[in-house]
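Working through the structure, step by step
Here are the chains, one letter per residue:
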Amino acid sequence: MLSSLHTLALVVLLLSGVQAFVPVGVSSNTHVTITGNAVMKKIYDVCEAVAESEGREFKPTGSSVEELLRECLGTATGEVSGAKFHEALNQIYMQNGLVDRDFMTSSPHHFSDEAFNEGHALISQGTAAIKANIRKDSLQAARETLGRVLHTLQDFYSHSNWVELGNKRTYVNLIRPDLTIHNIADVNTSTCSDCATGTCSNPLLPSILNEKKLTSGYMGLASSYKPKGKCSHGGDADLSSTQNPRGGISKDERHPHNVDFHNTAVSLATEASLELLEDIRGASGNNAYLRLMGIARSAVLCFVIDTTGSMADDITEAKRVAYNIIDSKKGTQDEPSEYILVPFNDPKFGPLTKTTDPDVMKREISKLTATGGGDEPEMCLSGLQLALTGAPASSHIYVFTDAPAKDMNLEKTIIALIHSTKSTVSFFITSKTTSVRTVRMEGRTKFQLYYDFALASGGQAIEVSKANLPNATDIIVDSSTSALVTILQQAKNPGRVESFPFLIDASLSNVTAYITGNNLIFTLHSPSGVTQTHTVDKGPLALIQTVGNLRHILFSSHMETGLWHISMESTAAYTIKVTGQSPVTFIYSFVEEFKGPHPGFATIDGRPQTGLPTKLLLTVTGQKGVEALKIQEVALVEVSGARASNGTIEEVGGGDFLVTVSNVPEREFVVMVKGEEKTTASHFQRQSTTQMSLSTVTVKATVNSTMLPGKEFKLKFTITTNGTSGTYSVIATNDRNIPMRFDSTLNLVSGGSAEGTVIFNPPANIQSGTDVTLTIGVEGPGPTDTNFAVVPLSVLNKVTDFTPPKCVIVGVSTICPTDCTESNWDLSVNITDGNGSGIQEISIQKGNGNFSQDAVVDGGVIVVMGLYSASCCSPDVTVSAVDKEGNVGKCIFTVEKSGGARVSLSVPLGACLLALALSVLYDIFPLL
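What counts, and at which threshold
Residues numbered from 1 in each chain as written. Predicted model: local features only at pLDDT ≥ 70, side-chain atom pairs only at ≥ 80, totals over all residues. Heavy atoms only, no water. Helix = DSSP H or I, 4+ residues; strand = E, 2+ residues; numbered from the N terminus. Rg over C-alpha atoms; globule rule 2.2 N^0.38 Å. Buried < 20%, exposed > 50% of the residue type's maximum accessible area, 1.4 Å probe, protein only. Contact = heavy atoms within 4.5 Å. Areas by Shrake-Rupley, 256 points an atom, 1.4 Å probe, with all protein chains shown as cover. Lys, Arg positive; Asp, Glu negative; His and termini not counted. Charge placed at Lys NZ, Arg CZ, Asp CG, Glu CD. Core = buried A, V, L, I, M, F, W, Y, C linked by side-chain atoms within 4.5 Å. Phe/Tyr/Trp six-rings, centres within 6.5 Å; stacked < 30°, edge-to-face > 60°. Lys NZ or Arg CZ within 6 Å of the ring centre and 35° of its normal. Expected span 1.5 Å × (residues − 1). Pairing = 2+ DSSP bridges. Axes fitted to C-alpha atoms, helices over the stretch in contact; angles between N-to-C directions. Disulfide = S-S within 2.5 Å. Polar contact = N/O pair within 3.5 Å; in protein donor to acceptor, adjacent residues only side chain to side chain. Left-handed = near helix turned anticlockwise from the far one by under 90°. Nonpolar A, V, L, I, M, F, W, Y, C, P; charged D, E, K, R; others polar. Salt bridge = Lys/Arg side-chain N within 4 Å of Asp/Glu carboxyl O. Parallel < 35°, antiparallel > 145°, perpendicular 65-115°, else oblique. pLDDT = per-residue confidence, 0-100.

Of regular secondary structure, the protein possesses 18 helices and 42 strands. Relative to a compact globule of 928 residues, whose C-alpha radius of gyration would be 30 Å, the protein shows 29 Å and is just as compact. Its C-alpha atoms give the protein principal-axis dimensions of roughly 85 × 70 × 55 Å. The buried share among the 928 residues of the protein stands at 58%. Pairs at least 24 residues apart make up 71% of the contacts formed inside the protein by residues separated by at least 6 positions. Roughly 35800 Å² of accessible area belongs to the protein as shown, and the carbon and sulfur atoms make up 51% of that amount. Within the protein, the 93 negative side-chain charges are centred at a point lying 2 Å from the centre of the 72 positive side-chain charges.

Okay, structure coming up:
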C-alpha cells in the first residue's frame, strides 16, 4: 500500500524475487493510487457542488481528466488544458513519495515505533500550514505540505494495528487537533507474539486485542534493537524483525497472509485522505480548493513594469493591453485565472499584487505613474524575482522597461528560478532615444542580460521604439490564452542558413510564429509546397507583421496539417518560436533514484548530474485523455545546435512515462515530444521552453518544519560534486528580504560532499501563511560546477485555537411537494466560536440558494444568525463556518420531497442533537 516506489509510483520493484508495488494503473495500492483516488473523488464532489451553485448540470462527456475539467470550469468557449491540473497533482505526489527518502528514519512521519502523539502533531501542524498557505494564495507550498501530510496519515493504517483491532472506520482524531490519541501501549507493554516464519496473519497478543491497545511496528534500519516484546514493522530492510518477537505487522504490501488487513488498510487510508481533503476544502472554500488542485483557466496575466520617469508611454500601453485582455476575454476559457502586477523603480520595487478579480487588477494598474529614476539602471531583477516566485509555475511573465538592470547580483537567482518554475519571461525594451538603429547597436550590450533571460526561459526580447510599442504587445494577447503550447523553439548565434521543420496537427488553432533578430531573411513552406517569403506581409500562408526586431507571423486559420518548414537565410543571431492552442501537451520533471526500504525516484531540484543517464518523468494529456494519444519519440534537443538525443520510453500507466536518455547534449537543451493523436490520425510535435543543462555539482535541502515569526530558523543544505576539487562559492537569496546568514564558501573534493546552513531571522510581524522562496546557488572552479536549489518555505504562527466553530440548526420551514418547482424551503442556523479566534468566513459549500446573516451578542458571545433559502429543486445544503485558524464547523441538511426532510449530518455534536429534536418538531426523518 504505502511504500512509494517512486514519487509517482513509476517502476516495478523486485525484492528477493517478490513483486512489490507496480505502476499506477495496475491493481496495486500505493501512496499515489490512494492519494489519486481520494483527490479525484473530492474534485468530482467539489465540481458538482460548484456546478449546482451556478445553476447548471455537471455531466462530463467522458472519463478523461480533460473532459472532467471542461465540465468543472463551465461552458465557456475555448480550449481546456489539463497541464496545470497534472502539475498540481504531481507536486502533491512528489512530496508524498519523498517522505520515504527525506524522512526515512523519522518514526513520527511513518507512525512507526509507537510515535502516535508525534505523528498526530505532524498532521495537525501540516494541516494548519496548508490552510494558512491557501489563505495567502501560496498554493505550491500548500500542495507540497499536503503531499507529506497525506503520506503520514496513510501510513497510520498500514503501520499501526488499527485494522487488526477490528476497526472498520477511520480514526477521526488523527485530523482533529483538538482531540488526542487514546489508549496507546506504553513502552513496557509487550504487544506481539513471536512469528518464526514472518508470515503470521495476526501476531498481536490477545491482551492487546482485548484491551484495544494501539501499537505500531518498530523499524530498525541501522540496528536490530527494539523494546522487549514489541512488534516489528517487518520486511527485509527491518533488522528488528529478526529479534524476538519476529515477523512484523506492516500492511504496506499485499501477501497471502495479510490480504484482508491490507485491503482494509487501503480502504481506510483512502477514506481518511478524503476526510482530510474535505476539511481543507471546508476551510478554503470550493473555488480556492479547485485552484489548489490546479483546476483553473490556464492563462495568467503577469506584468513587471518599470515605473521610472521615462516610462509614461510604456505604462499607458501596459494598461491598454491589460484592459483589452480583461474585457475581450471575459466569459471565455481564455479569461486569465489570475492577475499579477509587480512595479519596480529605484531603489524601491514591489509590492506584488496577486488577484483573481479583474477589477482589482484594473484598479492597481491604473494607479501606476512614471516618477523618479535618474541614473539609468533600475531594480528590474528584484521585481522579476517577485514575479517568478509569486506566479504559478509555467506562467508567462512580461517585463516593460527602457533601462538595464542595477541589481545584477540576482542574475544567477533569476536563472535558477526560471529553471525551477519553467516560466517564460518576455521583455519589451523601449529606447529613450528616437533612433531604432541606436537601440539595436547599443541594446545588444547593455540589454544583453534580458536577451539571456528570454532565451533561457523560451521568451522574447523585443526592442522597439516607444511609438511602436502598441504593435509589439500583440504577443501578450497571443500568449494570454488557454491551452497554449510550444511547437518549436530554436536559437542561433551566430545565425546560419538552415531549415527548421515542425508538425502542425489537427488539434492546433491560432498558430503563431515569432522570429527575432536583425536583417531577417526567411521563407515559410507548407506541407503541399506553397511558400511565402518574409517580404510578403499578406500571403497565402500567413500574415507577417514587423515590429522592431520582431517578425510576428499569424498562420491562416485554414492551414494544412503535416510537416511545415521555416527556412532561414540570415547570418546574424536569431530566435524562432512557433506556438498554438491545443489540449494536447505534456509536463515533465527530471528525476533521480533514491535507495532505502522503499526505494524510488525523486524530482531533481536543479540541473541533472553529468556522467549519469538522465531520466525524465513525463505526463502527457489531451482532450480525450491519454488513451487517445500515442507517444512515439521523446528527445533532448539542443537549442543552439543540431544535436538531438532520443530517450528510451517506458509507459508506466495513467499517462505517465519514464524516459531515460543515455547521451545527453553537452550544450543547453529542451525536451521534444512527438506522437499521434489517434482520433484524428494526426501527428503532433510539442516542445518545452525552458533551457536545461548538466552539472557536476548537486545542491539539496530538506524542509522539515515551518518558520515562526520572530524566531530564528535554520535550514541545512548539502553540496555534492563529481567535478573539480576546490572552494565552492554559495549565494543564497530569498524573495521576502528576510535577514539571513549562511556559509558563503565550502570546500569539496571530487566525489565528496559538504554541509552548510542558512539561518533566517524572520521579523515578528510577518504574516502567517506567507511563503518564502529560498534560492541557493553554488559555483565552483570548473565551468560546469554550478547548480542551484529552490526551496519553498512557509511561515506559520503558533496555533492555539484548535476548536471548530459550532453550527446549530435552529429552524426549518416549508415542506417540499413532489413537484419541486412549486415551492421553496428555508433553513435557520446559529453559528458561534465561543472564546476561539473568531469567525473568518461563512459560506455555502453546497447548494444553490441565498444565504443572509446577522450577528448579535448573547451573554458576551457573538452569535451569527443565518438564513438559507432555496428552491425545493435544490434540496441539499452545506453551511461551512471557518474561524481565523482554519478550523471548520458545518451544518449539513437535506430536505426531501413528499413532505419530508432529512438531516444528513451536523457538526459539531450539539448541532446534531438539536437537529434530532427538530426532527420531531417538524415531523422529519431521523438522523442518518
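There's more to say after this.
Glancing now at the nonpolar core. In this structure, L146, F156, Y157 and M293 are the most contacted members of the largest nonpolar core, which totals 52 residues. Looking at this core, the elements with two or more residues in it are α1 (31-53), α2 (65-73), α3 (83-102), α5 (116-135), α6 (139-159), α8 (259-284) and α9 (286-292).

Under the definition given, this model contains 24 aromatic pairs. Taken together, a centroid distance of 4.9 Å and an interplanar angle of 85° make the contact between F156 and Y157 edge-to-face. Put simply, the rings of F111, F116, F156, Y157, W162 and Y171 touch in pairs and so form one group of aromatic residues. One residue, K362, lies across the ring of Y323, its end atom 5.6 Å from the ring centre. The cationic tip of K422 hangs over the ring face of Y588; the distance from NZ or CZ to the ring centre is 4.8 Å.

Now for α8. Here α8 contains 26 residues, and its C-alpha end-to-end distance of 37 Å stays within 8% of the 38 Å for a straight helix at 1.5 Å per residue. Of all 26 residues in α8, 19 are buried, a share of seventy percent or more. Of the residues flanking the end of α8, it is G285, one or two places downstream, whose phi is positive at about 90°.

Let's shift gears to helix α13 (residues 411-421). Of all 11 residues in α13, 8 are buried; the element is thus mostly enclosed. All of the buried residues along α13 are T413, I414, I415, A416, L417, I418, H419 and T421. Buried positions along α13 lie against α12 (380-390), β7 (424-430), α15 (448-457), β29 (726-734), β33 (771-779) and β34 (786-794). The positive-phi residue at the C-terminal boundary of α13 is K422, with phi of around 60°.

Another aspect to go through is the sheet that holds strand β26 (residues 682-687). Backbone-to-backbone hydrogen bonds join strands into a sheet, with any given pair of strands oriented parallel or antiparallel. The strand order β22-β21-β25-β26 describes an open sheet built from 4 strands, whose pairing is antiparallel. Looking at the sheet topology across the chains shown, the edges are occupied by β22 (644-646) and β26. In this sheet, neighbouring strand axes are inclined to one another by 25° on average, regardless of whether the strands run parallel or antiparallel. Two elements, strand β21 (residues 629-638) and β22, share 3 bridges in a ladder whose sense is antiparallel. What sits directly across from V637, in β22, is A644.

Spatially, β19-β18-β20-β24-β23 is the arrangement adopted by the 5 strands of the open sheet, whose pairing is antiparallel. Where the open sheet ends on each side, the last strands, each with one partner, are β19 (600-603) and β23 (648-653). The mean inter-strand angle of the sheet, taken between neighbouring strand axes irrespective of direction, is 35°. Sheet topology note: the strand β18 (residues 585-594)/β19 ladder contains 4 bridges and is antiparallel. Pairing of F594 across the sheet is with G600, part of β19.

With that out of the way, let us pick up the state of the cysteines. What the rule picks out here adds up to 6 disulfides. At a sulfur-sulfur separation of 2.1 Å, the disulfide partner of C807 is C891. Where C807 bonds to C891 through sulfur, the torsion about that S-S bond is close to -125°, and the disulfide is left-handed. Of the two residues, C807 sits in strand β35 (residues 806-813) while C891 sits in strand β41 (residues 888-896), which places them 84 residues apart along the sequence.

With respect to the secondary-structure elements, S106 resides in the loop between α3 and α4 (107-110). Within polar-contact distance, the side chain of S106 engages the side chain of H109 at 2.6 Å.

Bringing the packing of α6 against α8 into the picture now. The packing of two helices is summarised by the inter-axis angle and the distance between the axes. With their axes 9 Å apart at the nearest point, α6 and α8 run at an angle of 145° to one another. As α6 runs across α8, the sense of the crossing is right-handed. Here L146, V149, L150, L153, Q154, Y157 and S158 of α6 come into contact with α8, specifically with A265, L268, A269, A272, S273, L276, L277 and I280. In terms of residue class, the contact of α6 with α8 is made up of 12 nonpolar, 3 polar and no charged.

Here we take up the environment of G62. Within the secondary structure, G62 sits in the loop between α1 and α2. Remark: the alpha-carbon pair of G62 and Q623, spanning 561 residues in sequence, is separated by 9.8 Å.

It is worth spelling out the pairing of strand β11 (residues 509-517) at this point. Most of β11 is tucked away, with 7 of its 9 residues classed as buried. Pairing of β11 with strand β17 (residues 574-581), which is carried by 7 bridges, proceeds in the antiparallel orientation. For G517, the partnering residue across the bridge sits in β17 and is Y574. In this sheet, strand β15 (residues 550-555) lies alongside β11 in antiparallel orientation, the contact comprising 5 bridges. Opposite Y514, over in β15, you have H552 as the bridge partner.

Here we take up unusual backbone geometry. Residue P347 is reached from D346 by a cis peptide bond, and omega for that bond is 15°. Residue P351 follows G350 across a cis peptide bond; omega there is 0°. Along the chain, P351 falls in the loop between β4 (338-344) and β5 (353-355). One non-glycine residue with positive phi stands out, namely K212, at about 55°. Take K212: it is sitting in the loop between α7 (206-210) and α8. On the basis of relative accessible area, K212 is assigned to the partly exposed category, the value being 46%. With a phi close to 60°, K422 is a non-glycine residue in the positive phi region.

Within the structure shown, the criterion is met by 34 salt bridges. With a shortest N-O distance of 2.5 Å, D314 and K466 are connected by a salt bridge. Of the two residues, D314 sits in helix α10 (residues 312-328) while K466 sits in the loop between β8 (461-464) and α16 (469-472), which places them 152 residues apart along the sequence. Between R736 and D771 there is a salt bridge whose closest N-O contact spans 2.8 Å.

Running from amino to carboxyl end, α1 crosses α6 at an angle of 105°, the nearest separation of the two axes being 11 Å. Between α1 and α6, the angle falls in the class roughly perpendicular. Residue-level contacts link H31, I34 and T35 of α1 to L150, H151, Q154 and D155 of α6.

With that settled, the discussion passes to the environment of A506. For A506, the position within the fold is in the loop between β10 (498-504) and β11. For A506, a relative accessible area of 45% puts it in the partly exposed group. Sequence separation between A506 and S81 is 425 residues, and the spatial gap between their C-alpha atoms is 16 Å. Dropping the residues within four chain positions of it, A506 is found in contact with T561, T680 and S682.

What follows covers the pairing of β15. In terms of burial, β15 is a largely internal element, 5 of the 6 residues being buried. As paired strands, strand β14 (residues 542-547) and β15 are joined by 6 bridges and run antiparallel to one another. Pairing of L543 across the sheet is with L554, part of β15. Between β14 and β15, which pair antiparallel in sequence order, lie 2 residues; one of them, G548, sits at a positive phi of approximately 60°.

What follows deals with the confidence of the model for the protein. Across the protein, the average pLDDT comes to 89, with 92% of residues at or above 70. Per-residue pLDDT stays below 50 along residues 2-27; that stretch engages in 89 contacts with residues further than four places along the chain or on separate chains. Counted against residues more than four places away or in other chains, residues 903-928, with its pLDDT under 50, gives 49 contacts.

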